[in-house]
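Examining the three-dimensional arrangement
The chain contents come next:
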Amino acid sequence: MSRLTVSVVVVTWNALDLTLRCLDSLRGQRTDELDVELVVVDNGSADATVETLRAAPDVHLVALPTNTGFAGGVNAGVRATTGSVVVLLNNDAVARPDFLVTLVEPFRHDGADSTDRAGRLGATTGRVLLSGSFAPAPAGPAGDTGAATLVAHDGTRWSRVTEGGTTLLNSTGNEVTTSGNGRDRDWLHRADGPDAPAGVFGFNGGCAALRRAALDDVGLLDESLFMYYEDTELSWRLRRRGWSVRHVPGAVTVHDHAASSGTSSDFFLDHNERNRLLVALVHAPWSVVLRATVRACGRVVLGPDRQRRARAVLGAAARVPWALRRRRAVDRSASVPRSVPAALLVPDAARAPATGPSR
């Protein structure tokens, strides 16, 4: 069997220590029958990232003058590489030794080096663990998670602990709900539970392998989103062109979730709210767009942090003409009806984890 050419793209911004840790984990990979190139895209960092990585002989550095966001950084990395498979890895993640070879293995049996789309596998997505250990946390005031508390899709709350505790999942791929909410599948499920199904709507942009032939077919990440939802948006486009996404549970990374921006920062919240509405408008059925809009407007009127939410909704509203033009363009190029990927949408109310925490 011929060797598979794999380009690993890591995007960074002012996070040299995290990036060096990530690269060390990649250097320790088992690479049987793989030709691997390591590419780091620096998004205009002000720290010593560029100087340090220019001295690394095994790293192809793409130094951008300004911060182009995750999407812009990934796209610059993809354009600078030639591998038949492009692996995306968060710079604040550590890859287990078999991560690469396991993540790309499905492409060996699916025509990854061909350009005729015969195999139809467009992307694989791995199993992301949260770093550290967690214990169940008591319920708090509505809308208040606290700086150290994480909330699962079913409302279960977890706090990081220094002793004991359990390992939790960050992601087994991306799913989209019937109100247009993109999210990590199995977020905060216990890691010692059963493996998630191979079938999943989309890939997690921080732990995925993308077939270059699929990217050539549907295009790269949408840079206008800047950060967040860009992987969900590209997953929609892959699905509309008939490409599939597969979860590979044996491809494991350990992730410092939102180490760069934080899940409670205005930056994180604004971009999530705005991009959720825009991606739904571009890709989802009108019923989903309506639910997404009602949900967002309802939170502006009744929810906490109304001024910030209103800013995000107004930001999305300003881009409605662009989103409608994009929707028509996607429809013209699609080979699969919108109803096919829409059948994969899940309810907003999540099922409880199969191996749940004690209450």
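Here, every reference points to the structure presented above.
Now for a description of the structure that goes with this document.

With that out of the way, let us pick up the nonpolar core. One finds Val8, Leu26, Val87, Leu89, Phe99 and Val104 to be the most contacted residues of the largest nonpolar core, which totals 32 residues. Of all the elements, helix 4 (residues 99-108) adds the most residues to this core, at 6 residues. In this view, Val87 contacts Val6, Ser7, Val8, Val9, Phe99, Leu100, Leu103, Val104, Ala208 and Ala209; residues no more than four positions away in its chain are not counted. Val74, Phe203, Met227 and Leu234 belong to the second largest nonpolar core, which has 28 residues in total.

Moving on, we come to the pairing of strand 1 (residues 4-12). Counting buried positions over the 9 residues of strand 1 gives 8, a clear majority of the element. Between the parallel pair strand 1 and strand 2 (residues 34-43), the chain is carried across by helix 1 (residues 16-27), and the sense of this crossover is right-handed. The pairing of strand 1 with strand 4 (residues 85-89) spans 4 bridges and is parallel. Considered in strand 4, the bridge of Val9 is made with Leu88.

When you tally the buried positions in helix 4, you get 8 out of 10 residues, the bulk of the element. Among all positions of helix 4, only Phe99, Leu100, Val101, Leu103, Val104, Pro106, Phe107 and Arg108 are buried.

We now examine unusual backbone geometry. Unusually for a residue other than glycine, Asn14 sits at a positive phi of about 50 degrees. Mapping Asn14 onto the fold places it in the loop between strand 1 and helix 1. Unusually for a residue other than glycine, Glu33 sits at a positive phi of about 55 degrees. For Glu33, a relative accessible area of 37% puts it in the partly exposed group.

The tally for this structure, following the rule as stated, stands at 1 aromatic pair. The lysine or arginine in question, Arg319, covers the ring of Trp322, its NZ or CZ lying 4.0 Å from the ring centre. If you follow Arg327 out to its NZ or CZ, it ends over the ring of Trp286, 4.0 Å from the centre.

As a further point, take the sheet that holds strand 8 (residues 149-151). The strands that make up a sheet pair up through hydrogen bonds in the backbone, lying either parallel or antiparallel. An order of 7-9-8 is seen for the 3 strands of this open sheet, with the pairing classed as antiparallel. Taken across any chain shown, the strands that pair with only one partner, and hence form the sheet edges, are strand 7 (133-136) and strand 8. On average, adjacent strands in this sheet sit at an angle of 40 degrees to one another, irrespective of strand direction. As paired elements, strand 8 and strand 9 (residues 157-161) share 3 bridges and run antiparallel to each other.

Our next topic: the environment of Thr81. Here Thr81 is to be found in the loop between helix 3 (69-79) and strand 4. On the basis of relative accessible area, Thr81 is assigned to the buried category, the value being 5%. Each residue touching Thr81, except ones within four places of it in the same chain, is listed here: Ser7, Glu37, Val39, Val86 and Arg212.

What counts as what
- Residues numbered from 1 in each chain as written.
- Predicted model: local features only at pLDDT ≥ 70, side-chain atom pairs only at ≥ 80, totals over all residues.
- Heavy atoms only, no water.
- Core = buried A, V, L, I, M, F, W, Y, C linked by side-chain atoms within 4.5 Å.
- Buried < 20%, exposed > 50% of the residue type's maximum accessible area, 1.4 Å probe, protein only.
- Helix = DSSP H or I, 4+ residues; strand = E, 2+ residues; numbered from the N terminus.
- Contact = heavy atoms within 4.5 Å.
- Right-handed = clockwise from strand over helix to strand, strands pointing away.
- Pairing = 2+ DSSP bridges.
- Phe/Tyr/Trp six-rings, centres within 6.5 Å; stacked < 30°, edge-to-face > 60°.
- Lys NZ or Arg CZ within 6 Å of the ring centre and 35° of its normal.
- Axes fitted to C-alpha atoms, helices over the stretch in contact; angles between N-to-C directions.

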